[in-house]
Amino acid sequence: MFKLFITGSSGFIGGRLVHSLSDQYDICTPLRSGKKLLLDTPLVSSIGYEDISSHSGDNFQAIIHCASLTPANCSKPDVIYEQNLSLTNSISSAIHVLKPKFFIFCSSVSVYGDINGGTLNLDSPCNKPSIYGEENGIIEVDSIY
C-alpha cells in the first residue's frame, strides 16, 4: 500500500482528501497543536509538525500539501502570505527527510483568483490569483535527492 503524507487534514480540502483516500492509502498527517482531523477517519496516523523527521525512511509516495491560512481565518493578507509561505517552506524542507516521489501543492479555491461560481478543475482559468495561488502545482522530486 502506498504511503501518503498529507497536510491540512483539519481543513476543508485536506480533511476531505484524507477521508476519501484513507481506505486506499496509508496516510500520515501532521497536525498543529490543538487541531484534530476534520472528519472522523480511522486508520490515519497523525503527528505533530515537530515530529516529521521521525518518519525518515517511511517511503512516502507523495507529500500532498493542503495546509494554509485562508481569508476566512485571517483578514490580513500580509499575515496570510507570510504564514503560508513559511509553512510551505517548512513542508518543502521535509522533502529531504521523507524523500517522496511527488510533492503536490494545492490550496483553497481562492488561489484561482476572482471566480464567478462553477466547478473548478485542472482546465479552469486563473483570474488574478494571489501571490500564494500563483505557485500551486505538482513537482516530481526524484531529481532533488
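Here is what the cut-offs are and how they apply
- Residues numbered from 1 in each chain as written.
- Predicted model: local features only at pLDDT ≥ 70, side-chain atom pairs only at ≥ 80, totals over all residues.
- Heavy atoms only, no water.
- Helix = DSSP H or I, 4+ residues; strand = E, 2+ residues; numbered from the N terminus.
- Buried < 20%, exposed > 50% of the residue type's maximum accessible area, 1.4 Å probe, protein only.
- Core = buried A, V, L, I, M, F, W, Y, C linked by side-chain atoms within 4.5 Å.
- Contact = heavy atoms within 4.5 Å.
- Phe/Tyr/Trp six-rings, centres within 6.5 Å; stacked < 30°, edge-to-face > 60°.
- pLDDT = per-residue confidence, 0-100.
- Expected span 1.5 Å × (residues − 1).
- Arc of directions from axis to C-beta.
- Polar contact = N/O pair within 3.5 Å; in protein donor to acceptor, adjacent residues only side chain to side chain.

Caption draft 1: Geometry of the overall build of the protein chain. From N to C terminus, the protein chain includes three helices and six strands. The order of α-helices and β-strands along the protein chain, N terminus first, is β-α-β-β-β-α-α-β-β. Burial analysis of the protein chain (145 residues in total) assigns 37% to the buried set.

Caption draft 2: Structural detail: the nonpolar core. If you look at the biggest cluster of nonpolar residues, it comprises 15 residues, and the most contacted ones within it are F5, Y49, I52, I63, I91, L98 and F103. At the level of secondary structure, the elements contributing two or more residues to this core comprise β4 (60-65), α2 (77-93), α3 (95-98) and β5 (102-105). Here I52 is in contact with F5, I47, I91, A94, V97 and L98, once residues within four sequence places are set aside. Core analysis: the next-biggest nonpolar cluster, separate from the first, contains ten residues, L4, I6, V44 and A62 among them.

Caption draft 3: Spatial organisation of the packing of aromatic side chains. Summed over the entire model, instances satisfying the criterion amount to one aromatic pair. Where F5 meets F60, the ring centres are 5.5 Å apart and the plane angle is 80°; that geometry is what we call edge-to-face. Of this pair, F5 sits in strand β1 (residues 3-7) while F60 sits in strand β4, placing them 55 residues apart in sequence. Each member of the pair, F5 as well as F60, carries the same accessibility label: buried.

Caption draft 4: Representation of the confidence of the model for the protein chain. Scored by pLDDT, the protein chain comes out at a mean of 79, with 70% of its residues at no less than 70. Mean pLDDT values for the elements of the protein chain range from 53 in strand β6 (residues 137-140) up to 95 in β1.

Caption draft 5: Local environment of α2. Taking 1.5 Å per residue, 17 residues should reach 24 Å; α2 reaches 24 Å between its end C-alpha atoms and fits that length. All of the buried residues along α2 are I80, N84, L87, T88 and I91. Buried residues of α2 fall within an arc of 100° about the axis and therefore sit on the same side. Opposite its buried face, α2 presents the exposed residues D78 and E82, each directed more than 90 degrees away. Buried residues in α2 make contact with β1, β4, α3 and β5.

Caption draft 6: Geometry of the side chain of S9. Position of S9 relative to the elements: it lies in the loop between β1 and α1 (12-21). By relative accessible area, which is 1% here, S9 ends up buried. A polar side-chain atom of S9 sits 2.9 Å from a polar atom in the side chain of T29. Excluding residues that lie within four positions of it along the chain, S9 makes contacts with G14, G15, V18, T29, P30, L31, K36, L37 and L38.

Caption draft 7: Spatial organisation of α1. Of all the positions in α1, only G14, G15, V18 and L21 are classed as buried. An end-on view of α1 places all buried positions within 150° of arc, on one side of the element. Looking at the buried side of α1, the elements it contacts are β1 and β2 (26-31).

Caption draft 8: Highlighting unusual backbone geometry. Of note in the backbone geometry, L43 takes a positive phi value of approximately 70° without being a glycine. Since its relative accessible area comes to 78%, L43 is described here as exposed.

Caption draft 9: Geometry of the side chain of T41. Tracing the chain through its elements places T41 in the loop between β2 and β3 (45-48). A polar atom in the side chain of T41 sits 3.0 Å from the side chain of H19. With near-sequence residues (within four places) excluded, T41 lies in contact with V18, H19 and S22.

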